[in-house]
Amino acid sequence: MKNYFLWPTVTVLLCAKVGAQQEQDSSNILQLDEVVVSDSRFELKRENSGKTVISISQKELEQNQGRSVAEIINTKSGIEINGTRSYAGQNLSTYVRGGNNRQVLVIIDGIQVSDPSGTSAEYDLRLLNTSQIESIEILKGAASTLYGNSAATAVINITTKKAKKEGLSMDVISSMGTNQSQDDQNFNISDFSNTVNVSAKHGKLSVLASGGHQFTDGLSAAIGTEVDVFSRVDGNLKVGYQFTERFGVTASAFYNKLNSDYDNGFPIEDADFSFSGEQSRFGLASTYRYEKGSIHVNTAFNQIDRSFVSSFPAAYDSQSYILDVFNKYTFNENIHTIVGLNYIDSQTLFSEEQNTNTVDPYVNVVYVGKRGININAGVRLNNHSDYGSNFIYNFNPSYRININSGYLKFLGSFATSYIAPNLSQLYGPFGANPDLNPEEDTTIEGGLEYRLSDRFMINAVYFNRTEDDRIDYVTIDPNTFESQYRNLADTAHFNGVEVGFSAVPTKDVTIDANYTYTNSKEGLALRIPKSKVNATIGYTIANNTFLGASYQFVSDRTDTDFATFTNVNLDSFSLVNLQVKHQFSNNFGAFVGVDNLLNAEYTELVDYTTKGLNLRLGFKLNL
């Protein structure tokens, strides 16, 4: 087991680099010129965006070293990722604005990623390695005009690392820690994670190769005594070449393999079950720039194999091919346009091979007015091989008032989106229905953002969302319990408020907080909290030591007790986490993290284990 971490090499490697001059930025400020991309695909100043886009920078990712991508995203407003507080192999459910997994789209390096064989067709966030990611943007609300299927409640836009500086460089990131429940505080080292990133850049050529591994045991999935092991192996290769000042190409290859034990779901008890998932993705992205615009061609092939060893074994083999071609043209400094075509072909082998495809032309226009009026509007025509055509549109105006060194921005949005029935719902082994129509979402937003200066910002957004033709698994024969996926006749209604706050009261102190309120006329789905609070305070000492404390409150939720087939109330809970990071030199830093500091007892899923007080320590070495 000790082979799973790199600590024996630290002393030798550190000796070669220790003592280097510190060159860290000593100030923490909110950048007035912050640029956001996801809401328009253009690099626009935040003040000109009609959305409150959430940005997770490389600096924030490094300050959360040792935590998963899902855990970091789970601290942001409007988002609840259920399963992040349980054992490492727990299935993750992403709830945004009252929706579920299939209404959240994940994009990696400009490509939509999903699993056509899954019942929700979502991308598995457990596959992601935080140490391989450069930045994340989260766009909430309907965004199907720009991004297509599933972009109904949120788009999680992930950019992976690439070679940036001339010459050869290497990063070694390693950590180890405990993985224990509230009642089993033995502090055994049970979680190991390692990543090595090697990059090289010479003139027009850039190369990055990365490999990572995680191994975790110590917890049982269901409340019990049997340990359920989780492991993940991942690697990627990116090669870029800038042929001319105008034309460049990047080729990429990603590989992820995940193995996890799990327990019986009915009845919920210890069992010797296992899951294996393997994913390979190959991508090619090219950009040709001309005087007032650029032509982009992004394409990828994705292969996913999943297998389950249990009382009901199953195996799935799926493939998807994605092509997104678009032209970005800037008429002048005020008008930016995109015209594109998005093609996706998805295949899955059930008892026989099934496939669907979509061909979506789309247009989007952004107007940035000199007097503070900004408009982001677009249309998309979704053409599906099974159910036909679907028209999508958005209109997103905003108005900015400059106030001294800051601004006050009012924003609004009216947008539609769609969630196509996936292959599992159309042709899968359980309750398939080939006559399904797409879900149609309509979202209305209104809010404001006030930025007093580069040290204070607050925003608030009200949303009202409706779902028509919602796809649900419905019992059609109560005597035999025969069930089938059906489009529901009734409209579902959701509304809520999201509030965010960021401040830098002194050059060494940062404060971030957010509050989310979510409600539904018909009642919220299982495990979705009505209220959620996140707060973080960070303190930088002498430019090289960071101290961070975070707090999370999750209100009451409901869940199903499968022992009695009745819904039960899950009590609210609060968690406190600590993180300490020290940069010993330009090339070497270390961290210590404490999760659930107060060892709070709570339930995330009925009859499943949750994490108690846990410790983690690690390092990052730059060569």
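Source: prediction; values computed, not measured.

1. Here's the deal with the overall build of the protein chain
Assigned secondary structure in the protein chain consists of five helices and 35 strands. Taking 25 Å as the expected radius of gyration for a compact globule of 623 residues, we find that the protein chain reaches 24 Å, a close match to that expectation. Overall size of the protein chain, expressed as C-alpha extent along the three principal axes, is 75 × 65 × 45 Å. Going through the 623 residues of the protein chain one by one, you find that 53% of them count as buried. Residue pairs at least 24 apart in sequence account for 61% of intrachain contacts in the protein chain once pairs closer than 6 positions are excluded. Here the protein chain has roughly 26700 Å² of accessible surface; of this, 57% comes from carbon and sulfur atoms.

2. Observations regarding the sheet that holds strand β8 (residues 133-140)
With respect to topology, five strands assemble into an open sheet ordered β3-β8-β9-β6-β7, the strand pairing being mixed. Each edge of the sheet is formed by a strand with only one pairing partner; in this case those strands are β3 (54-56) and β7 (111-113). Strand-to-strand twist of the sheet, defined as the mean angle between neighbouring strand axes without regard to direction, takes the value 25°.

3. Considerations on the packing of aromatic side chains
On inspection of all chains with the given rule, the structure shows 20 aromatic pairs. Plain terms: the ring middles of Phe562 and Phe565 are 6.1 Å apart, the flat faces sit at 85° to each other, and that makes the pair edge-to-face. Three or more aromatic residues joined by ring pairs make a cluster, and in this case those are Tyr262, Phe273, Phe275, Phe308, Tyr316 and Phe350. Here the basic side chain of Arg281 rests over the ring of Phe254, its NZ or CZ set 4.4 Å away from the ring centre.

4. Things to note about the side chain of Thr178
Here Thr178 shows up in strand β10 (residues 167-178). Within the structure, Thr178 has its side chain in polar contact with the side chain of Asn614 (distance 2.8 Å). Not counting the four nearest positions on each side in its chain, Thr178 is found in contact with Phe187, Asn188, Ser190, Asp191, Leu613, Asn614 and Leu615.

5. With respect to the pattern of salt bridges
In this structure the tally under the stated criterion is 30 salt bridges. Across the pair Glu467 and Arg470 runs a salt bridge whose closest N-O atoms are separated by 3.0 Å. Comparing Glu467 with Arg470 shows no difference in burial state: the two are buried. Here Asp559 and Arg527 are joined by a salt bridge, their closest N and O atoms 3.0 Å apart. Residue Asp559 is found in strand β31 (residues 557-561), and its partner Arg527 is found in the loop between β28 (509-520) and β29 (531-541); the two are separated by 32 residues along the sequence. Its relative accessible area of 1% is what places Asp559 among the buried residues. Several salt bridges share partner residues, and in doing so they unite Lys51, Arg97, Lys140, Glu445 and Glu498 into one network.

6. Side note on the pairing of strand β9 (residues 154-160)
Within β9, six of the seven residues are buried, which leaves it mostly tucked inside the rest of the structure. Here strand β6 (residues 104-108) pairs with β9 via five bridges, running parallel. Looking at the pairing, Val106 lines up with Ile156 of β9. Sheet analysis places β8 next to β9, joined by seven bridges and oriented antiparallel.

7. Remarks on the confidence of the model for the protein chain
Put simply, the protein chain has an average pLDDT of 92, and 95% of its residues get 70 or more. Contacts for the low-pLDDT stretch residues 1-27, under 50 throughout, to residues beyond four places or in other chains number 50 contacts.

8. Digging into the pairing of strand β13 (residues 230-242)
In this structure, strand β12 (residues 205-216) lies alongside β13, joined through twelve bridges in antiparallel fashion. Paired with His213 across the strands is Val233, a residue of β13. Pairing analysis gives 13 bridges linking β13 to strand β14 (residues 247-265), with the strands arranged antiparallel. Among the inter-strand pairings, Ser231 is bridged to a residue of β14, identified as Asn259.

9. Examining unusual backbone geometry
Backbone geometry follows two general trends: most residues other than glycine have a negative phi, and most peptide bonds adopt the trans configuration. Omega for the peptide link from Phe266 to Pro267 comes to -5°, which places this bond in the cis form. Following the sequence through the fold, Pro267 ends up in the loop between β14 and β15 (268-290). Of note in the backbone geometry, Asn596 takes a positive phi value of approximately 50° without being a glycine. Looking at where Asn596 falls in the secondary structure, it is placed in the loop between β34 (588-595) and β35 (614-622).

10. Some words on the side chain of Asp115
Relative to the elements of secondary structure, Asp115 occurs in the loop between β7 and β8. At 3.0 Å, the side chain of Asp115 and the side chain of Arg306 are in polar contact.

11. Here we look at a nonpolar patch on the surface
Taken together, the side chains of Val339, Val363, Val365, Val379, Leu381, Phe391, Tyr393, Phe414 and Ile444 make up a nonpolar region of the molecular surface, amounting to roughly 700 Å² of accessible area. Contributions of two or more residues to the nonpolar patch are made by β19 (353-368), β20 (373-384) and β21 (388-403). Note on placement: Phe414 falls in strand β22 (residues 406-419). A residue is classified by how much of its surface remains accessible, and Phe414, at 33% relative accessible area, is partly exposed.

12. Topic: the environment of Ser417
Position of Ser417 among the secondary structure elements: in strand β22. For Ser417, a relative accessible area of 1% gives the class buried. Separated by 267 residues in the primary sequence, Ser417 and Ser150 place their C-alpha atoms 7.6 Å from one another. Ignoring sequence-local partners within four residues, the contact set of Ser417 consists of Ala142, Ser144, Ala151, Ala152, Ile392, Glu439, Glu440 and Asp441.

13. A short note on the environment of Phe494
Inspection of the secondary structure puts Phe494 in strand β27 (residues 492-506). Accessibility expressed as a relative area gives 2% for Phe494, which makes it buried. Along the primary structure Phe494 and Gly50 are separated by 444 residues, whereas in three dimensions their C-alpha atoms are 21 Å apart.

14. Topic: the environment of Ile458
Within the secondary structure layout, Ile458 lies in strand β24 (residues 456-468). What Ile458 contacts, discounting residues up to four positions off in sequence, is Leu448, Glu449, Tyr450, Gly500 and Phe501.

The rules behind each value
- Residues numbered from 1 in each chain as written.
- Predicted model: local features only at pLDDT ≥ 70, side-chain atom pairs only at ≥ 80, totals over all residues.
- Heavy atoms only, no water.
- Helix = DSSP H or I, 4+ residues; strand = E, 2+ residues; numbered from the N terminus.
- Rg over C-alpha atoms; globule rule 2.2 N^0.38 Å.
- Buried < 20%, exposed > 50% of the residue type's maximum accessible area, 1.4 Å probe, protein only.
- Contact = heavy atoms within 4.5 Å.
- Areas by Shrake-Rupley, 256 points an atom, 1.4 Å probe, with all protein chains shown as cover.
- Pairing = 2+ DSSP bridges.
- Axes fitted to C-alpha atoms, helices over the stretch in contact; angles between N-to-C directions.
- Phe/Tyr/Trp six-rings, centres within 6.5 Å; stacked < 30°, edge-to-face > 60°.
- Lys NZ or Arg CZ within 6 Å of the ring centre and 35° of its normal.
- Polar contact = N/O pair within 3.5 Å; in protein donor to acceptor, adjacent residues only side chain to side chain.
- Salt bridge = Lys/Arg side-chain N within 4 Å of Asp/Glu carboxyl O.
- pLDDT = per-residue confidence, 0-100.
- Patch = residues over 30% accessible without salt bridge, like charges linked within 9 Å, V, L, I, M, F, W, Y side chains within 5 Å.

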